[in-house]
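In case you want the letters, here they are:
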Amino acid sequence: MSYRWQETIKILIPGFYILCSICMGYFCTHYQIDKDMCESISKISAILIMLILLGAFIVGYINEIISGGIEYILYCCGLPRPSRLVLNKSFKRFSIEKICDLRHKLQLPETGFIDNAKAAKGLAQAKQATEIDKYQEFYYQAVLARNLFFGHMSSSVLLTIIIDWSWTLLLSVLFIAALFCWQWWKMNLVYVKKIFIEYLK
């Protein structure tokens, strides 16, 4: 069993993001920092760094479990899967030229609408018939973007509780959330498209 560095990155970075957001909220509400506290922190800086890394990994791991579960529930509730969007040519930017050949090879109708269930089955079939290393990088990027999106949303709720609500905070949260959400969906579509292209070869 090989453990890629991307496995750690997609957990650790969102974990750091959540912890930093909480710390930022704390310091925004506590303007005065005790001098003795700073000296104590400097003495145990090495241990503190290890604890922060461990904390960020645990928080990021929990965030990944929750975000993965929410993503699955959203698909079950009818949110279009990336494979469905690609197979139905919903976006020209992520469309495949030989889409009829792809549908035929996946034993799907060459014309007409494909729902989430058929799209998921087709994607699973394509994955099993291709080498995962050729598109694994796109998978990690998609998961990282998803974890950052849900990590941002959860940390935004915590920030609202800690430092109270404001229009500036709300607009900032929505803007960053839109960026993370777009990156998540874009990388999902790129990932799925890459799998189907490999399957057609």
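Computed from a predicted structure; not experimentally measured.

Thresholds applied
Residues numbered from 1 in each chain as written. Predicted model: local features only at pLDDT ≥ 70, side-chain atom pairs only at ≥ 80, totals over all residues. Heavy atoms only, no water. Salt bridge = Lys/Arg side-chain N within 4 Å of Asp/Glu carboxyl O. Helix = DSSP H or I, 4+ residues; strand = E, 2+ residues; numbered from the N terminus. Buried < 20%, exposed > 50% of the residue type's maximum accessible area, 1.4 Å probe, protein only.

Caption draft 1: Focus on the pattern of salt bridges. In the structure shown here, the tally under the stated rule is six salt bridges. The partner of Glu-64 in a salt bridge is Lys-10, and the shortest N-O contact between them spans 2.4 Å. One end of the pair, Glu-64, is in helix 3 (residues 45-76); the other, Lys-10, is in helix 1 (residues 5-29), and 54 residues separate them in sequence. When sorted by exposure, Glu-64 lands in the same class as Lys-10, which is buried. As a salt-bridge pair, Lys-134 and Glu-198 come within 3.7 Å of each other at their nearest N and O atoms. With Lys-134 in the loop between helix 6 (116-128) and helix 7 (136-163) and Glu-198 in helix 8 (residues 167-200), the pair connects residues that are 64 residues apart, well separated along the chain. We classify Lys-134 as partly exposed; its relative accessible area is 43%. Salt bridges linked by common partners bring Lys-134, Lys-194, Glu-198 and Lys-201 together as one network.

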